[in-house]
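# Architecture and fold: a report
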Amino acid sequence: MPTGDHMTPEEFREAGHAMIDWIAEYMQQVEEFPVASRVEPGEVRAMLPAHPPEQGEPWSEIAADIDRVVMPGITHWQSPNFFGYFSSNSSGPSILGDLLSTGLGVQGMLWATSPACTELETHVLDWLVDILGLPAAFASDSKGGGVIQDTASSATLAAILTARERATDWLSNAEGAKGPLVAYTSSQAHSSIEKSAMVAGIGKNNVRMIDVDSAFAMRPQALAEAITADRAAGRTPFFVCASLGTTSSHAFDPLASIAEITQREGLWLHTDAAEAGAMLACPEFRHLAEGMEAADSFCFNPHKHLLTNFDCDAYFVRDREALIRTMSVLPEYLKNEQTMAGKVIDYRDWHVPLGRRFRALKLWFVIRHYGVEGLRSYLREHVRMAQLFASWVDQDPDFEIFAPHPLTLICFRHRSDDATNRELMQRLNDSGELFLTHTVLNDQFILRMAIGGAKTTESHVQRAWEKIRAMATELST
Ligand code: PLP
């Protein structure tokens, strides 16, 4: 291949077909790999040359390194035996959506830079309002609307920045405008809430981690007391993040009671449903989000449980003007007729980055491929399998369930000590047959079984449970 040449369309077609074949084969074989990568730190880098190639290499050599260099260092999130952290679903239509987005190579920062990128996104996010039964105030025909962010972390950052500006009448950095701003979330909330507050200049010391009840959900009374104490000390409460499905144990903060407080106190209420939010597609789970009508913002990750490859977070706000006013800076070089006429949405004003990928494509493909009923039955099957797993744990005198489990995450432990549970998890993961992660609840080491793999079936869950029991017996004899 002559140096510096582009791939010709024919070469691309050939290499592309081979790559699709490779991915399809991977999908078929993913279950055969040990779930967690077994490489030692530095092992992948050791296979790479110290310096980049001066001359371009043939594609065949580059492609060969996928198996040689990359695969040993892959933990197989798409394995049906992956039960760690949270589900991070992938699917055929979603992969094709990402491929098309990359193939088109558009920048969707303004409506004018690719109208389809903006309009498809607005439309698909309105569909999600419908699918999840979200308040009508989050739809684009109201004063609110939805936007795709890369991650829930970015959605929370957008929420906290908008809340900060609203609380200070868009003068957050004016000298002595208000006492220090204070944000509230539960002690079980995801670390991204604290991080967003740090990035937004609120400061770690002005984030209150509110105490939780025995179900690991925020105690509204403790929230009210913390707000009162901060006001008395001359500080300015401005933001509350309620979690619908905490990362650690899937706790659901009591949104309705929290909303009463935020409305009374005039605070921004953000709801983080990153992992569990997809479940709202099923009407029978919507009671877990009661009180949502009062939320200022809501986010969930189709890239977790909704068959849409990372990255894709859906962020909804009730007042889009507040968000746009917080994020918008319009330089001359981005001015165009449609923007200036105020006729269009320019999503660059709805988040921190300027450039944006055409992520709506994969979501659009997924919703159309599965249909809403298909998505619902997919989600219900995960809940069914998780409840079945919980019933097995519950019936086994050697194990105990450690937290309420309304959906797909089961927190449990062997009735022994932390060291044994830690060793149990290590040995299970070392076996390569399944992969689990842990948390700490009430100062105890807890195993987390997150059921939500795109290809996980009851027999995978059953085999996992048999393995867990057998390994625990082996450990205690
Ligand atoms: N919030 C919750 C409740 C989560 O479970 C997670 C991820 O595990 C996040 C936020 C962060 O998600 P992201 O990686 O999209 O920022």
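Preceding block: the structure.
Owing to the predicted nature of the structure, the values given are computational and were not obtained by experimental measurement. (Residues numbered from 1 in each chain as written. Predicted model: local features only at pLDDT ≥ 70, side-chain atom pairs only at ≥ 80, totals over all residues. Heavy atoms only, no water.)

### A short note on a negative patch on the surface
Residues Asp-5, Glu-10, Glu-11 and Glu-14 make up a contiguous surface patch of negative charge. Its location among the elements puts Glu-10 in helix α1 (residues 9–29). (Patch = residues over 30% accessible without salt bridge, like charges linked within 9 Å, V, L, I, M, F, W, Y side chains within 5 Å. Areas by Shrake-Rupley, 256 points an atom, 1.4 Å probe, with all protein chains shown as cover. Salt bridge = Lys/Arg side-chain N within 4 Å of Asp/Glu carboxyl O. Lys, Arg positive; Asp, Glu negative; His and termini not counted. Charge placed at Lys NZ, Arg CZ, Asp CG, Glu CD. Helix = DSSP H or I, 4+ residues; strand = E, 2+ residues; numbered from the N terminus.)

### Some details on the pairing of strand β9 (residues 409–414)
Across the 6 residues of β9, 6 count as buried, placing the element largely inside the fold. Both faces of β9 are covered, namely the face carrying Leu-409, Cys-411 and Arg-413 and the face carrying Ile-410, Phe-412 and His-414. In this structure, strand β8 (residues 399–401) lies alongside β9, joined through 3 bridges in antiparallel fashion. The residue of β9 that forms the bridge with Ile-401 is Phe-412. In terms of strand pairing, β9 meets strand β11 (residues 444–450) through 4 bridges, oriented antiparallel. (Buried < 20%, exposed > 50% of the residue type's maximum accessible area, 1.4 Å probe, protein only. Pairing = 2+ DSSP bridges.)

### A short note on the site of the ligand
The environment of the ligand is made up of 13 residues, and the closest members are Ala-152, Ser-153, Thr-247, Asp-272 and Lys-304. A distance of 2.8 Å separates an oxygen atom of the ligand from a polar atom in the side chain of Thr-247. The contact in question runs from an oxygen atom of the ligand to an N or O atom on the side chain of His-303, over 3.4 Å. Across the shell around the ligand, the residue classes tally to 3 nonpolar, 8 polar and 2 charged. (Near = heavy atom within 4 Å. Polar contact = N/O pair within 3.5 Å; in protein donor to acceptor, adjacent residues only side chain to side chain. Nonpolar A, V, L, I, M, F, W, Y, C, P; charged D, E, K, R; others polar.)

### Thoughts on the sheet that holds strand β3 (residues 207–210)
The sheet built from 7 strands is open, its strands ordered β1-β7-β6-β5-β4-β2-β3 with mixed pairing. Unpaired on one side and paired on the other, β1 (145–149) and β3 mark the two borders of the sheet. Taken pair by pair, the neighbouring strands of this sheet meet at an average axis angle of 20 degrees, ignoring direction. Two strands pair when backbone bridges link them, and strand β5 (residues 268–272) and strand β6 (residues 297–300) are joined in this way by 3 bridges, in the parallel orientation. Bridge assignment links Asp-272 to a residue of β6, and that residue is Cys-299. (Axes fitted to C-alpha atoms, helices over the stretch in contact; angles between N-to-C directions.)

### Side note on the environment of Ile-210
Structurally, Ile-210 can be placed in strand β3. Given a relative accessible area of 4%, Ile-210 falls into the buried group. For the pair Ile-210 and Asp-21, spaced 189 residues apart in sequence, the C-alpha to C-alpha distance is 50 Å. Here Ile-210 is in contact with Tyr-184, Thr-185, Ser-186, Ser-187, Met-218, Arg-219, Ala-222, Leu-223 and Ala-226, once residues within four sequence places are set aside. (Contact = heavy atoms within 4.5 Å.)

### Description of a nonpolar patch on the surface
Together, Met-7, Phe-12, Met-19, Trp-59 and Ile-62 make up a nonpolar patch on the protein surface, roughly 450 Å² of accessible area in all. Along the chain, Phe-12 turns up in helix α1.

### Points about the pattern of salt bridges
Inspection of every chain in the model, using the stated rule, returns 28 salt bridges. Note that Asp-211 and Arg-219 form a salt bridge whose closest N and O atoms lie 3.2 Å from each other. Overall, the relative accessible area of 43% leaves Asp-211 in the partly exposed class. Looking at Arg-219, the relative accessible area reads 31%, which means it is partly exposed. One salt bridge connects Glu-433 with Lys-467, and the closest N-O pair in it is separated by 3.1 Å.

### Details of the nonpolar core
Side chains of nonpolar character tend, in soluble globular proteins, to be buried together. Within the largest apolar cluster, 62 residues are counted, with the highest numbers of intra-cluster contacts made by Leu-128, Met-292 and Phe-298. Where this core is concerned, the elements lending two or more residues are α5 (115–132), β2 (181–186), α8 (220–232), β4 (236–243), α9 (255–265), β6, β7 (313–317) and α13 (360–395). Ranked by the residues each element gives to this core, the list is headed by α13, at 9 residues. Shared between two domains, this core holds at least three residues of each, these being domain 1 (106–357) and domain 2 (366–476). The residues touching Phe-298, leaving out its near neighbours within four places in the chain, are Leu-132, Leu-134, Phe-138, His-270, Thr-271, Ala-273, Leu-280, Met-292, Ala-314, Tyr-315 and Phe-316. One finds Ala-183, Ala-197, Phe-239 and Cys-299 within the second-largest nonpolar core, a separate group that totals 30 residues. (Core = buried A, V, L, I, M, F, W, Y, C linked by side-chain atoms within 4.5 Å. Domains from an automatic or database assignment.)

### What to know about the state of the cysteines
A complete count under the given rule lists 0 disulfides for this structure. Cys-299 takes part in no disulfide bond, and the closest cysteine sulfur to it belongs to Cys-241, at a distance of 7.5 Å. Unpaired in this structure, Cys-411 has its nearest cysteine sulfur neighbour in Cys-241, at a distance of 19 Å. Overall, the relative accessible area of 1% leaves Cys-411 in the buried class. (Disulfide = S-S within 2.5 Å.)

### Observations concerning the side chain of Asp-396
Take Asp-396: it is sitting in the loop between α13 and β8. When near neighbours in sequence (up to four residues on either side) are disregarded, Asp-396 contacts Trp-465 and Arg-469.

### Overview of helix α7 (residues 191–199)
Listing the buried residues of α7 in full gives Ser-192, Ile-193, Ser-196 and Ala-197. All buried residues of α7 project into a common sector of 140 degrees when viewed along the axis, lining one side. Looking at α7, the residues exposed on the side facing more than 90 degrees away from the buried face are Ser-191, Lys-195 and Val-199. Remark: Gly-201 follows α7 within two positions and exhibits a positive phi of approximately 80 degrees. (Arc of directions from axis to C-beta.)

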